[in-house]
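The primary structure of each chain is shown beneath.
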Amino acid sequence: MYILAFETSCDDTSIAIFEDTRLIALDTKSQIKEHLPTCGVVPEVAARLHANNVFLVLENVLAQTGLSLDQIDYIACTEDPGLLPSLYVGLTVAKTISKLLNKPFIPINHIQAHIFANLLERDLGELEFPSVCLTVSGGHNEIYLWKSLFELELLGQTQDDSAGEAFDKVAKMIGEGFPGGPVVSKLASEYNGEFKGIFPKVLLDKESLNFSFSGLKSSVKREIDKRIAILSTENISTKVSATRENAINFLTYEDKIEICFEFENTVIDILTTKLFLAAEQKRIKSIVLAGGVSANSKLKRIISEEANKKGYKFLYPSKPVYSQDNAAMVGILAYYKIIKNK
Ligand code: KG4
Ligand code: ZN
């Protein structure tokens, strides 16, 4: 069977074609360049770009496979959660194709699709149930008990920002573009000093599986302001003329990489602590990572090391492109929904 899968929930226009579990085409048009001036995604701008790009991306995936639309058996598309104007571009195109071809439409939940990204290029047998799954993206941040293929129980979630959002905001605060995760991570990797723990490791209650990143974000802002104030007193002309935007230009490179290093380590520490706490509470020896932040190589390395030490099985998406928003995860979830009648 051939499945045509769409993902337009945020700022990637992504379409994939599957032949059963085999990904035979994937094309993604990113909007990073267009969202750089605002250092964040403006939903209406994203929707307009999806509308401009979606048919081009569709032509590309069809060309990659040599298939024509009428050979497709199922159409799948992310339905929620996400930015509504963005979601509706993909949904409108996908549902129209499904109606015109008279082929079934498979609605897809975005978070579930991120979790199923762990099945890309893997057999179902490689998954262990139950598992504990940390889903961490720009728009969401949860821990689930993954009981069986289609059974997820929410164990904890963020009370405010997600970790990805915190990465994005820190990058913006230091004037370093968008999306924040890869930018902050790269700067952090350039710092050679010791980890000092200058930011709070917010864990809420000792036994809680919920997250909170807004306090961490505010303390990064206070640290930046403190360093800018010191730099401006050292430079009288800056003190007189500094708006926040141009004051950022006076943060030294050393300051930026140290702040990124301290911030990234603190986020990784919080995520890792909560993930293993959940696994210990549930007495489960299998853990899974999903979502945009799972592209972070240091996060994967730290969890891997701890999992090895403690004898846990650890799975994360087999390629970084499967961590971020992409239509391959939509297609693989659609495949299992179809064959399992879900
Ligand atoms: O899943 P995703 O592509 O979109 C949402 O569903 O939100 O996740 C995007 C988020 C952004 O906040 C981005 O900064 C973060 O994932 N991200 C990373 C990395 N790559 C992307 N965060 C940390 N380290 C990375 N390497
Ligand atoms: Zn996502």
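Located above this text is the structure these notes cover.
Treat the numbers as computed from the prediction; the structure is a model and nothing was measured. (Residues numbered from 1 in each chain as written. Chains lettered and ligands numbered in written order. Predicted model: local features only at pLDDT ≥ 70, side-chain atom pairs only at ≥ 80, totals over all residues. Heavy atoms only, no water.)

The next thing to look at is the nonpolar core. Of all hydrophobic cores here, the largest spans 51 residues; its most connected members are Val 132, Phe 213, Val 220, Phe 263, Leu 271 and Ile 287. Counting residues per element, the ones that place at least two in this core are β6 (131-136), β7 (141-148), α5 (163-173), α6 (180-189), α7 (214-234), α10 (253-282), β9 (286-290) and α11 (297-310). With 14 residues, α10 is the single largest residue contributor to this core. In contact with Phe 263, other than residues within four places in its own chain, are Ala 166, Phe 167, Val 170, Val 184, Phe 199, Leu 216 and Val 220. (Core = buried A, V, L, I, M, F, W, Y, C linked by side-chain atoms within 4.5 Å. Buried < 20%, exposed > 50% of the residue type's maximum accessible area, 1.4 Å probe, protein only. Helix = DSSP H or I, 4+ residues; strand = E, 2+ residues; numbered from the N terminus. Contact = heavy atoms within 4.5 Å.)

Closest axis-to-axis distance for the α5/α10 pair is 11 Å, and the angle between their directions is 175°. On the basis of the axis angle, α5 is roughly antiparallel to α10. Of the residues in α10, those touching α5 at Ala 163, Ala 166, Phe 167 and Val 170 are Phe 263, Glu 264, Val 267 and Leu 271. (Axes fitted to C-alpha atoms, helices over the stretch in contact; angles between N-to-C directions. Parallel < 35°, antiparallel > 145°, perpendicular 65-115°, else oblique.)

Moving on, we come to the site of ligand 1. In the vicinity of ligand 1 there are 20 residues, among which His 114, Ser 137, Gly 138, Asp 168 and Gly 181 approach most closely. Within the backbone of Gly 181, one N or O atom sits 2.9 Å away from an oxygen atom of ligand 1. Measuring from a nitrogen atom of ligand 1, one finds a side-chain N or O atom of Gln 324 at 3.3 Å. Burial of ligand 1 by the protein amounts to 89% of the accessible area it has alone, namely 550 Å². The biggest single contributor to the shell around ligand 1 is α5, with four residues. Its residues placed into classes, the shell around ligand 1 shows five nonpolar, twelve polar and three charged. (Near = heavy atom within 4 Å. Polar contact = N/O pair within 3.5 Å; in protein donor to acceptor, adjacent residues only side chain to side chain. Areas by Shrake-Rupley, 256 points an atom, 1.4 Å probe, with all protein chains shown as cover. Nonpolar A, V, L, I, M, F, W, Y, C, P; charged D, E, K, R; others polar.)

Before going further, it helps to examine the side chain of Asp 27. If you trace the backbone, Asp 27 turns up in strand β3 (residues 22-30). Look at Asp 27: it is buried, it has no salt bridge, and the nearest opposite charge is Lys 29 at 8.7 Å. Here Asn 60 takes part through its side chain, which lies 2.9 Å from a polar atom of the side chain of Asp 27. Those residues in contact with Asp 27, other than ones at most four positions away along the chain, are Thr 13, Ser 14, Ile 15, Val 57, Asn 60, Val 61 and Gln 64. (Lys, Arg positive; Asp, Glu negative; His and termini not counted. Salt bridge = Lys/Arg side-chain N within 4 Å of Asp/Glu carboxyl O.)

Attention shifts here to the environment of Val 170. Take Val 170: it is sitting in helix α5. Separated by 13 residues in the primary sequence, Val 170 and Val 183 have C-alpha atoms spaced 9.8 Å apart.

What follows deals with the coordination of the zinc ion (ligand 2). At this site the zinc ion (ligand 2) is bound by His 110 (NE2), His 114 (NE2) and Asp 325 (OD), with donor distances of 2.0 to 2.1 Å. Between consecutive donor residues of the zinc ion (ligand 2), the sequence gaps follow H-x3-H-x210-D. Of this pair, His 110 sits in helix α4 (residues 110-116) while Asp 325 sits in the loop between α12 (320-323) and α13 (327-339), and the two are 215 residues apart along the sequence. Taking relative accessible area as the criterion, His 110 reaches 5% and is therefore assigned buried. (Donors = N, O, S within 2.8 Å, 3.2 Å for Na, K, Ca; no water.)

With mixed pairing, the five strands of this open sheet are ordered in space as β3-β2-β1-β4-β5. Two strands lie at the open edges of the sheet, namely β3 and β5 (105-109), each paired on one side alone. Strand-to-strand twist of the sheet, defined as the mean angle between neighbouring strand axes without regard to direction, takes the value 20°. For strand β2 (residues 12-19) and β3, the ladder comprises eight bridges, and the chain directions are antiparallel. In the strand pairing of β3, Phe 18 is matched with Leu 23. With respect to the sheet, helix α2 (residues 43-65) is in contact with β1 (2-7), β2 and β3, its orientation differing from that of β3 by roughly 150°. In this fold helix α3 (residues 84-101) packs onto β1, β4 (74-80) and β5, with an angle of close to 155° to the strand it touches most, β4. (Pairing = 2+ DSSP bridges.)

What follows is about the packing of aromatic side chains. In the structure shown here, the tally under the stated rule is eleven aromatic pairs. A ring pair is formed by Phe 314 and Tyr 316, whose centres lie 5.2 Å apart and whose planes are at 50°; its orientation type is tilted. Judged by its relative accessible area of 14%, Phe 314 falls in the buried class. Residue classification places Tyr 316 among the partly exposed positions, given a relative accessible area of 29%. Relative to Tyr 336, the ring of Tyr 335 lies with its centre 5.1 Å away and its plane at 85°, an arrangement referred to as edge-to-face. The buried category is assigned to Tyr 335, whose relative accessible area is 12%. Through a chain of ring-to-ring contacts, three or more aromatic side chains come together here, namely Phe 116, Phe 129, Trp 146, Phe 150, Tyr 335 and Tyr 336. (Phe/Tyr/Trp six-rings, centres within 6.5 Å; stacked < 30°, edge-to-face > 60°.)

Here β1 runs beside β4; their pairing, made up of four bridges, is parallel. Pairing of Leu 4 across the sheet is with Ile 75, part of β4. In this structure, β4 lies alongside β5, joined through five bridges in parallel fashion. Looking at β5, one finds that Asp 80 is bridged to Asn 109. Read from β4 through α3 to β5, the crossover connection turns out right-handed. (Right-handed = clockwise from strand over helix to strand, strands pointing away.)

Take α5 next. Taken together, the buried positions of α5 are occupied by Ala 163, Gly 164, Ala 166, Phe 167, Val 170, Ala 171 and Met 173. Two residues or fewer after α5 comes Gly 175, characterised by a positive phi angle close to 70°.

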